Amino acid sequence: MNVYIKNILRFCIIILLQVLILNKINLRWWNEPSGFPVFIPYVYPLFILLLPFETPVWGLLILGFILGITVDTFMNTAGMHACAAILIAYLRTNVLSALLPRNLSEYDGLQPSIKTMGWMPFLVYSAFLIVLHHFVFFTIELWNLSNFGFLLLKVTASFLTSMLFIIVYLLLFTRQSSSRV
Amino acid sequence: MRNFILFIRRFFNLILFLILEIVCIVLIEHTNTLQGNDIISSANTVSGLVYKKQSDVVYYFGLRKMNDSLLNENAFLRKQIDSLHSIDTLKDSLVHRKIYPTDTSLHIVKFADYIYRTARVINNSTNATDNYITINRGSNDGIAKNMAVISGTGIVGRVEHVSPHFASVISILSSKQKVSAKLKNGTNGYIIWDEKQPDVLIMTDVPQQEKVKKGDSVFTAVFSIFSPDILIGTVVKTEAIKKNTMQQIYLQSSTNFHNLQYVYVIENKMIMEKKKLEDSSGKK
């Protein structure tokens, strides 16, 4: 499949998955007044994480902006998701080159995945960027550092469930056969 | 000039990054004002359509619950009608009598104040800091900004963005919104949300000498954007603030925000007149 069509399809799938399914699940870990905050997992940064290696930084930035604004439109949070998405799009290349043994230009025509990078590097890569994304997003959303503990609680809980959903997504949508797309 | 172009080429990514972040911050800044932007909101045509399609599918799973709530509401309204019938209007018509024949201030003004429009909820959130609800009515159906929205069981919020076919409502589960409320005996306060629990609201500015019992009801006050005497919630616990002589009252919200299906949008015909008067007197 053409790499462009594939990514456009993935964009649609991830947005619909996020907006129509995950946003409707209100996860709460236990149910008490003054207990745990309600939160939702955000898996849409996965789109940026899975773009091909050779995507230039400006392309990543613009795609991140489009992705963020689309999610914002659906969730009425104009700019908040876009802000976080642009940040991880900007840092993606640096994180990748720090984690990978070879130079980025040598991975021609490939994309970051558990097959090309292996489980551990990919999880570190995605976990780092997702923590960053969640931290920035929730900071902007709450916009006061007076209850920092609450912010950390929200970030941690959301991050753990996001990672869970991302792993499930990877297991579902990674081809097991040897033929590489 | 050449150096400048070289500089831009060298730091192109960084500059683009900064520009996009600034665009985002400007957007966030704009939504935090009351006017807001209507394009990047779930009232826009594309996202409204997606939410509508989804709601068409999910709709059927909630029909039974909705029937029950409508029955309950019908019973409540019937009870109210009956209580109105029992008043003998002829005996109570003291206000009709004019003291002086020339004085016209005492005749009853027929405040055909409120118009109710029904709308279906096509998207709903309870987990953000500012929660929004999207409904399937827009300016073509007569919805305008700042109209009040209630459900069958209690208050919901205020219309914030409007497009021709959809509108997004900022619910009372939001840090931006305060609602005037009153206790059973008429003591006023206002309702805020502590951004944590989607069912728990907080009523503040109530003097400590007010004795509030667990299970008391709290209603909207006369001067809120909502029509008066709509149930907001019931008291769960009270908490005295040591700093001043006020107390905080925790309420269990009477609206179940998790499964909102239908809401009523209230148009207050008099509110423009009232607002104009208040603004003009506020300026002086």
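Residues numbered from 1 in each chain as written. Chains lettered and ligands numbered in written order. Predicted model: local features only at pLDDT ≥ 70, side-chain atom pairs only at ≥ 80, totals over all residues. Heavy atoms only, no water.

Enquirer: How should I be thinking about the pairing of strand β5 (residues 167-174) of chain B in this particular structure?
Expert: In regular strands, side chains alternate between the two faces of the sheet. All names here are of chain B. Counting buried positions along β5 gives 8 out of 8 residues, so the element sits mostly inside the fold. The sheet contact formed by strand β2 (residues 130-135) and β5 spans 5 bridges and is antiparallel. Bridging from a neighbouring strand, Tyr 132 pairs with Ile 170 of β5. For strand β4 (residues 155-162) and β5, the ladder comprises 5 bridges, and the chain directions are antiparallel. In the sheet register, His 161 faces β5, and the bridge partner there is Ser 168. Remark: 4 residues form the turn of the hairpin made by β4 and β5, two consecutive strands paired antiparallel. (Buried < 20%, exposed > 50% of the residue type's maximum accessible area, 1.4 Å probe, protein only. Helix = DSSP H or I, 4+ residues; strand = E, 2+ residues; numbered from the N terminus. Pairing = 2+ DSSP bridges.)

Enquirer: Please clarify how the environment of Gln 209 of chain B should be interpreted in this entry.
Expert: All names here are of chain B. Along the chain, the position of Gln 209 falls in the loop between β8 (200-207) and β9 (217-220). Its relative accessible area of 60% is what places Gln 209 among the exposed residues. For the pair Gln 209 and Met 246, spaced 37 residues apart in sequence, the C-alpha to C-alpha distance is 8.5 Å.

Enquirer: What am I meant to see in the packing of helix α6 (residues 119-142) of chain A against helix α7 (residues 148-173) of chain A here?
Expert: Helix packing for two helices is described by the angle between their axes and how far apart those axes are. Residues and elements named next belong to chain A. Where α6 contacts α7, the axes come no closer than 9 Å and their chain directions differ by 140 degrees. Our classification of the angle between α6 and α7 gives oblique. Crossing geometry of α6 relative to α7 is assigned as right-handed. Residue composition of the contact of α6 with α7, by class: 20 nonpolar, 5 polar and 2 charged. (Axes fitted to C-alpha atoms, helices over the stretch in contact; angles between N-to-C directions. Parallel < 35°, antiparallel > 145°, perpendicular 65-115°, else oblique. Left-handed = near helix turned anticlockwise from the far one by under 90°. Nonpolar A, V, L, I, M, F, W, Y, C, P; charged D, E, K, R; others polar.)

Enquirer: For this particular structure, what's the right way to read the environment of Tyr 264 of chain B?
Expert: Residue and element names in this part refer to chain B. Within the secondary structure, Tyr 264 sits in strand β12 (residues 262-268). Leave out the neighbours within four places in its chain, and Tyr 264 touches Glu 73, Tyr 116, Arg 117, Thr 118, Ala 148, Val 149, Ile 150, Ser 151 and Gly 152. Among the polar contacts listed, one links the side chain of Tyr 264 to the side chain of Glu 73, at a separation of 3.1 Å. (Contact = heavy atoms within 4.5 Å. Polar contact = N/O pair within 3.5 Å; in protein donor to acceptor, adjacent residues only side chain to side chain.)

Enquirer: For this particular structure, what's the right way to read α6 of chain A?
Expert: Side chains that are three or four residues apart share a direction in an α-helix, a result of its 3.6 residues per turn. A rise of 1.5 Å per residue sets the reference length of α6 of chain A, with its 24 residues, at 34 Å; its end C-alpha atoms lie 33 Å apart and thus fit the reference within 8%. Positioned one or two residues after α6 of chain A, Trp 143 of chain A has a phi angle of 55 degrees, which is positive. (Expected span 1.5 Å × (residues − 1).)

Enquirer: Explain the interface of chain A and chain B to me, please; I cannot follow it from the model alone.
Expert: Accessible area lost during the coming together of the parts is what is often quoted as the interface size. Counting residues at the interface gives 39 residues for chain A and 39 residues for chain B. Taking both sides of the interface into account, the surface hidden between chain A and chain B amounts to around 3,200 Å²; carbon and sulfur atoms contribute 62%. If you sort the residues of chain A by the area they bury against chain B, Phe 74, Asn 76 and Ala 78 of chain A come out on top, with a joint share of 20%. Taken together, the connections running from chain A to chain B amount to 0 salt bridges. Within the residue set of the side of chain A that touches chain B, elements represented by two or more residues are α1 (3-21), α3 (57-75), α4 (80-99), α6 and α7 of chain A. The element contributing the most residues to the side of chain A that touches chain B is α3 of chain A, with 9 residues. In the side of chain A that touches chain B, the residues fall into 26 nonpolar, 7 polar and 6 charged. (Buried area = accessible area lost by both parts, 1.4 Å probe. Salt bridge = Lys/Arg side-chain N within 4 Å of Asp/Glu carboxyl O.)

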